[in-house]
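Fold and geometry: a report
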Amino acid sequence: MTDTRFATILERGVAEIITEAELLRLLNSGRILTLKQGFDPSAPDIHLGHVVGLRKLRQFQELGHKVTLIVGDWTARIGDPSGQSATRHMLSPNEIENNAQTYLEQFFKVVDKDKTEIRWQSEWFSQFTLDEVIRLTSKFTIAQLLAREDFNKRYGSGNPISLTEMLYPLLQGYDSIVIQADVEFGGIDQKFNCLVGRELQQSTGQPPQQVFLVPLLIGTDGHQKMSKSLNNQIGVAEHPREIYGKVMSIPDPLIVDYFELVTDVPEEEIAEFKKQLKSRSVNLMNLKKRLAHEIVRQFHGKQAADEAQEYFTQVFQKREIPKETRTVELHGVVDISGKIEVEVQRDITSLIVEAGLAKSRSEANRLLAQGAIEVDGEKVSASLVSLKDGSIIKVGKRRFLRMVDSAKRKWETANS
RNA sequence: GGAGGGGUGCCGGAGUGGUUAAUCGGAGCAGACUGUAAAUCUGCCGCCCGUAAGGGCUGCGUAGGUUCGAAUCCUACCCCCUCCA
């Protein structure tokens, strides 16, 4: 915009900035800004949806600013307002601690640890008195809270809203006062909560924080925002192959969004992609492979990304057996007298249940009946199958198992 | 304080005495097609035993009861929601 130095940071992957002019002024002031980011330790796993905002934090850090990460151990205790039947159990201090730990590990895959300060809500909320609660709540009216879209919808349609849900944004806002946040980051769905922080800061004479809202990333289902509870997420801590595969499975129209929001691929290149997509002069699958590679590399390094790509090509495009497969001991190939039996009969359904390729015996039976099980490339229909050392069992498209008989191997080395 | 509505499988939501492991939709899984895309078609979709045919167990908020038989009827209890005050 006005300043080319901040062009990318203020334009790419941004849903809304409140207020942009003020934020620009702060950026130009030369002051080290306090960037606020909060999280509830109730959901420790970070997925690509979170990464959109975290990447922004990172970009600000690269300009020299400082992140203050707030561990919402108190808001998590109240329970995030979203479930109707959500019988949310109180998190134990232990769980919170563990969740926070997991979260931090993943958080610092994106955000610079050295420029981050971690604060716990309990530092201030555990001392909170009723007097302070009353003072805090007195600053807001029901009408103000009902202005929030989701509350309003629920209220209008006769759905319940609990008091603690109303308290939630106030607590989050209070955090901003304590750490004197200059900018709060969040997804566009956090707009209301962040704005409450602004109001609260003003009411105590603090300059109001700027609010930096990023778009919500659509999940692998192609419709709804990425979220763990919708099971359409791609977690940053997932296995590289898994991340790669999940990216490959996103619907095509999402490709450009993903490039923009979760990769560093330059804007010009993305513009080129768009052009190519329009004229259909690019192979979509290759573009997607590039995307998947970029994303895996970001969290697990180039080597892992290469490996995941190779795996994908091999297993899904060429339909080959992956090089490394889980192995399972196949007993009984060598009989008591030491003679080698070439094959052994095994009950395939119980075998794949034991190996964890199917959840239950019933499921295994179903898979068998549906022709989803192959042994050494041959579809299996009876439950008794002949296996030998080195046999490969394939269940569905992507579950593999290699049978190994170490006794046989030993026998062979001993007799050679 | 008063009145009313409701608790069914992962989710939504039918079902008011037997043919109900429970209609239907979504999600999920598998097969065909394929680019682990989209679209489409087909099948599956509680657990256990059985190669199979088949059998057993558990299940409609909880606990009892009526009945040859209950998600469905009765009793008590628990929980949730809405409206009025």
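Thresholds applied
Residues numbered from 1 in each chain as written. Chains lettered and ligands numbered in written order. Predicted model: local features only at pLDDT ≥ 70, side-chain atom pairs only at ≥ 80, totals over all residues. Heavy atoms only, no water. Domains from an automatic or database assignment. Near = heavy atom within 4 Å. Polar contact = N/O pair within 3.5 Å; in protein donor to acceptor, adjacent residues only side chain to side chain. Helix = DSSP H or I, 4+ residues; strand = E, 2+ residues; numbered from the N terminus. Salt bridge = Lys/Arg side-chain N within 4 Å of Asp/Glu carboxyl O. Buried < 20%, exposed > 50% of the residue type's maximum accessible area, 1.4 Å probe, protein only.

1. Observations concerning the domain arrangement of chain A
Assigned domains within chain A: domain 1 (4–217), domain 2 (240–317) and domain 3 (326–414). Computed from C-alpha coordinates alone, the two centres of domain 2 and domain 3 are separated by 35 Å.

2. A few points about the protein's contact with RNA strand B
Looking at RNA strand B, there are 30 residues lining it, with Pro251, Asp252, Arg319, Arg366 and Gln370 nearest. Here a base nitrogen of RNA strand B and a side-chain polar atom of Lys288 are 2.9 Å apart. The contact in question runs from a phosphate oxygen of RNA strand B to an N or O atom on the side chain of Ser360, over 3.2 Å. Among the elements of the structure, α12 (240–248), α15 (284–317) and α17 (361–369) are those that each provide at least two residues to the surface near RNA strand B.

3. Description of the pattern of salt bridges
Evaluated as defined, the whole model comprises 23 salt bridges. Between Arg119 and Glu123 there is a salt bridge, and its shortest N-O distance comes to 2.8 Å. For Lys274, the salt bridge goes to Glu260, with nearest N and O atoms at 3.3 Å. Residue Lys274 is located in helix α14 (residues 267–278), and its partner Glu260 is located in helix α13 (residues 255–262); the two are separated by 14 residues in the primary sequence. Judged by relative accessible area, which is 19%, Glu260 ranks as buried. Members of the salt-bridge network, linked through shared partners, are Glu269, Arg290, Glu294 and Arg297.

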